[in-house]
Amino acid sequence: MRILALLPFALLATPAAAQERPDPQRLKATVETLVGFGTRHTLSDPDNPTRGIGAARRWFGGELQKIGAACGGCIETSEVAREFKGPRAPGGVRIVDVLGIQRGSEPNRVVIVMGHIDSRVTDVMNATADAPGANDDASGVALVLESARILSKHRFKATIVYAALSGEEQGLYGGQLLAETAKERGWVVSAVLNNDIVGNTIGQDGRRVADRVRIFSEGARDSETLAETKARRADGGEDDGPSRALAKAIRGVAAADPKGLKVLMVRRPDRFGRGGDHSPFLALGYPAVRFSVGVENYDAQHQDLRTEAGKVYGDTVDRMDFPYLAKVTALNVATLRRLASAPAAPEPVILSGALATDTTVKWPAVPGAAKYRVWWRPADSAAWTAHVDVPASQTETVLKGIIVDDTFVGVSAVAADGAESLVSFGARPVRER
């Protein structure tokens, strides 16, 4: 076996630098168009032709249709909708998510990139005041459109879903709707990239952070039973659930792009005490992360447009940094390209080797895998440090001299072009837990 020890995981990612770069000016034009709808509050008039969330959704769908037409119909535009009722929608509201679906050769396996199209001001129930929502979250919606424009020129194994969600500010309704749609349709979800507040670099206290993006991911899984959580604890997998594996993969992709951003991998599902549209996906067990800026400006979030004591409030276009947003977009595009090109991750990965000096690793065959990559690292390390490649005909290997007590092990599937799936963490068989 050929073993590559201490090889940085980043070097195995598809280089983003060799691909088309997102256009800051096109991103700015999209944000300005969305801001131009006045308000995109979820409870605003859905039928007004020029103002409100309905007009914004129709415009987004039209842009997806244009992109689809340019690639010969490779993107199908559709909507999913349902009535929701809750504290921030006491009279009920029809939530509509607008989707662009770019089908891959494995049409039922999907990767999702999304942002929320709705906006708000200080009073979350104020559906009539101007609510520009430039950074929160026209930035994420612009990123989704630019990703579709770039990736529509290529073909992939997995299906890519480009989504603009409604109802985030009223209760994460759009995320819940899309997550439940994925389950109802039987999608095998390889990754969910939620982009929410991804376009500013000046923070609340005036500091500028333009060199990094934060990636939030869960450790303990929201979807696990107590028994499953205890089993993960016993096997040492707290830092290696699917969403954390996704965050690590994104960090690797970022490190391979010399023109891009660094990743601050935050080991919690979202910002302290807060949530986003990826949360409903986590509740259903799907790998999902949130992208957000390196530093936030709270005067530009959920604020009425006003000036008080010389301080300007409001989420307006002039507060944004579009070259920075282009870099966040590039990272999304590179991650989508890698995961949509790769086979599915092999699950489950089963380890044995208690009371032994070798570790045996087994996993199921994955369609489309040209080979498998068996990773390991010392138990005091957070990053994979060594690997061995195994032929596609083989779904078991023995790591000689690797003591399982002191080592974490995982397996990924690799396509013929080198695109690599997420790494699935190795654990004991279910019957032994």
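Refer to the structure presented above.
How each quantity is defined
- Residues numbered from 1 in each chain as written.
- Predicted model: local features only at pLDDT ≥ 70, side-chain atom pairs only at ≥ 80, totals over all residues.
- Heavy atoms only, no water.
- Pairing = 2+ DSSP bridges.
- Helix = DSSP H or I, 4+ residues; strand = E, 2+ residues; numbered from the N terminus.
- Axes fitted to C-alpha atoms, helices over the stretch in contact; angles between N-to-C directions.
- Contact = heavy atoms within 4.5 Å.
- 1 Å grid on protein atoms, 1.4 Å probe; cavity = no way out; pocket = protein on both sides within 12 Å on 5 of 7 lines; lining within 4 Å.
- Points joined across faces, edges and corners; volume = space filled by probe spheres on them.
- Nonpolar A, V, L, I, M, F, W, Y, C, P; charged D, E, K, R; others polar.
- Expected span 1.5 Å × (residues − 1).
- Phe/Tyr/Trp six-rings, centres within 6.5 Å; stacked < 30°, edge-to-face > 60°.
- Buried < 20%, exposed > 50% of the residue type's maximum accessible area, 1.4 Å probe, protein only.
- Lys NZ or Arg CZ within 6 Å of the ring centre and 35° of its normal.
- Disulfide = S-S within 2.5 Å.

A. The arrangement of the sheet that holds strand β6 (residues 188-195) in detail. What the 8 strands build is an open sheet, ordered β2-β3-β5-β4-β6-β9-β7-β8; its pairing is mixed. In this open sheet, the two edge strands, each paired with only one partner strand, are β2 (75-86) and β8 (262-266). On average, each strand axis in the sheet is inclined to that of its neighbour by 25°, with strand direction left out of account. Sheet topology note: the strand β3 (residues 89-102)/strand β5 (residues 158-165) ladder contains 5 bridges and is antiparallel. Bridging from a neighbouring strand, V98 pairs with A164 of β5. The strands that helix α3 (residues 134-151) touches are β2, β3, β4 (106-116), β5 and β6; relative to β4, the one it contacts most, it runs at about 145°. Its contacts with the sheet place helix α5 (residues 173-184) against β2, β3, β4, β5 and β6, and it is angled at close to 120° to β2.

B. Region of the structure containing the layout of surface pockets. Estimates place the volume of the largest pocket at around 820 Å³. Contributing elements (two or more residues each) for the lining of the largest pocket: β6, α6 (226-235), α7 (242-255) and β18 (424-427). Tallied by class, the residues present in the lining of the largest pocket amount to 21 nonpolar, 7 polar and 9 charged. In this model, the second largest pocket occupies a volume close to 340 Å³. Surrounding the second largest pocket, 19 residues form its lining, D235, L351, V404, D405 and R428 being those nearest its centre. At the level of secondary structure, the elements contributing two or more residues to the lining of the second largest pocket comprise α6, β12 (349-352), β17 (407-414) and β18. Tallied by class, the residues present in the lining of the second largest pocket amount to 9 nonpolar, 5 polar and 5 charged.

C. Examining α5 more closely. Taking 1.5 Å of rise per residue, 12 residues should cover 16 Å, and α5 covers 16 Å from first to last C-alpha, within 8% of that figure. Following α5 by one or two positions, G186 has its phi on the positive side, about 70°.

D. Structural view of the packing of aromatic side chains. Going through the model one piece at a time under the given rule, you end up with 4 aromatic pairs. For the ring pair F281 and Y286, a centre distance of 6.3 Å and an interplane angle of 55° mean the geometry is tilted. Here F281 falls in the buried class, since its relative accessible area comes to 0%. For R306, the ring lying beneath its charged end belongs to Y313, and the centroid distance is 4.0 Å. The residue whose ring lies beneath R377 is W384, and the NZ or CZ to ring-centre distance is 4.4 Å.

E. Fine view of helix α2 (residues 53-70). The terminal C-alpha atoms of α2 lie 26 Å apart, and with 18 residues this matches the ideal 26 Å at 1.5 Å per residue to within 8%. The complete set of buried residues in α2 reads I53, G54, A55, A56, R57, F60, G61, L64, I67 and G68. Where the residues of α2 are buried, they touch α1 (24-35), β2, β3, α3 and β5. Trailing α2 by a residue or two, G72 shows a phi angle of about 75°, which is positive.

F. How the structure looks around the state of the cysteines. In this structure the tally under the stated criterion is 1 disulfide. C71 shares a disulfide with C74; S-S distance 1.9 Å. For the disulfide bridge between C71 and C74, the dihedral angle about the S-S bond is near -95°, and by the sign convention the bridge is left-handed. With relative accessibility at 16%, the residue C71 sits in the buried group.

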